[in-house]
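# Architecture at a glance
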Amino acid sequence: MTESQLAFFDETHFGVVTTLRADGSPQSTVVWVERDGDSVSFNTAYGRVKPGNLERDPRVSVLVAAPDFYHWIAVSGPAELTTDGAEEQIDRLSRKYDGKPWTYVEGQRRVRVRVTPEHVTAYGL
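Now for a look at the structure at hand. All figures in this text were calculated on a predicted structure; none of them were measured in a lab.

## Here we look at the nonpolar core
In this structure, Phe9, Val33, Phe42, Val62 and Val64 are the most contacted members of the largest nonpolar core, which totals 21 residues. Those elements giving two or more residues to this core turn out to be β4 (39-45), β5 (59-65), β6 (72-82), α3 (86-97) and β7 (110-115). With residues up to four places along the chain from it excluded, the contact list for phenylalanine 9 reads Met1, Val33, Glu34, Arg35, Val40, Val64, Ile73, Val75 and Lys96.

In structure tokens:
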């Protein structure tokens, strides 16, 4: 990705993550995103659909669009899941998107997902 494409992830544009269900059909959800070096990262929690889908099949796509939809980037590649730094990441993302600290949910186990770009498509960036 170019530096301007990476910088796009520093802005507060929402992402849409698509994973694959066991039957191969797509499952998409809106997420908060950030850059992780030269990769893209988002956060979720165990017990939700995304982590289970990604543990079974790590292929994932992330689409981030500006409100005008004339600036967007789609990144796809394998996902790596880790709990290391996941609590700190969700707090950082909450401050970025909501402007306030993350409210801890009792019993919730957060997971950080890092997407290594294998295919990148962009418009306006």
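## Structural notes on the packing of aromatic side chains
For the coordinates displayed, the defined rule picks out four aromatic pairs. Seen from their ring centres, phenylalanine 14 and tyrosine 97 are 5.2 Å apart, and the 40° between their planes marks the pair as tilted. With phenylalanine 14 in the loop between α1 (3-8) and β1 (15-20) and tyrosine 97 in helix α3, this pair connects stretches of sequence that are 83 residues apart. Look at phenylalanine 14 and you get partly exposed, because its relative accessible area is 44%. A relative accessible area of 13% means that tyrosine 97 is categorised as buried. Among the aromatic residues, those joined into a cluster by ring pairs are Phe14, Trp32, Tyr97 and Trp102.

## As for the environment of alanine 79
Inspection of the secondary structure puts alanine 79 in strand β6. Relative accessible area serves as the criterion here: at 11%, alanine 79 is assigned to the buried category. Between the alpha carbons of alanine 79 and valine 60 there is a distance of 6.4 Å; along the sequence they are 19 residues apart. Setting aside anything within four residues of it in sequence, one finds alanine 79 in contact with Leu54, Pro58, Val60, Val113 and Arg114.

## Focus: the pairing of β5
Side-chain alternation along β5 places Val60, Val62 and Val64 on a buried face and Arg59, Ser61, Leu63 and Ala65 on a face that remains uncovered. The pairing of β1 with β5 spans four bridges and is antiparallel. Counted as the bridge partner of glycine 15 is valine 64 from β5. With antiparallel pairing between neighbouring strands as the criterion, β5 and β6 make up a hairpin whose turn holds six residues, including phenylalanine 69 at a positive phi of roughly 60°.

## Here's the deal with the pattern of salt bridges
Tallying each qualifying case throughout the model produces nine salt bridges. The partner of arginine 35 in a salt bridge is aspartate 10, and the shortest N-O contact between them spans 2.5 Å. Residue arginine 35 is found in strand β3 (residues 33-36), and its partner aspartate 10 is found in the loop between α1 and β1; the two are separated by 25 residues along the sequence. The salt bridge partner of aspartate 91 is arginine 95, with a shortest N-O separation of 2.8 Å. Pair noted here: aspartate 91 and arginine 95 are both in helix α3, with a separation of four residues, about one helical turn. Its relative accessible area of 46% is what places arginine 95 among the partly exposed residues. Each of Asp36, Asp38, Glu80, Arg112 and Arg114 takes part in a single network of salt bridges with overlapping partners.

## Structural notes on the pairing of β3
Sheet analysis places β3 next to β4, joined by four bridges and oriented antiparallel. What sits directly across from glutamate 34, in β4, is serine 41. As consecutive antiparallel partners, β3 and β4 are separated by two residues, and within that stretch glycine 37 has a phi angle of approximately 70°, a positive value.

Reading the values: the criteria
- Residues numbered from 1 in each chain as written.
- Predicted model: local features only at pLDDT ≥ 70, side-chain atom pairs only at ≥ 80, totals over all residues.
- Heavy atoms only, no water.
- Core = buried A, V, L, I, M, F, W, Y, C linked by side-chain atoms within 4.5 Å.
- Buried < 20%, exposed > 50% of the residue type's maximum accessible area, 1.4 Å probe, protein only.
- Helix = DSSP H or I, 4+ residues; strand = E, 2+ residues; numbered from the N terminus.
- Contact = heavy atoms within 4.5 Å.
- Phe/Tyr/Trp six-rings, centres within 6.5 Å; stacked < 30°, edge-to-face > 60°.
- Pairing = 2+ DSSP bridges.
- Salt bridge = Lys/Arg side-chain N within 4 Å of Asp/Glu carboxyl O.

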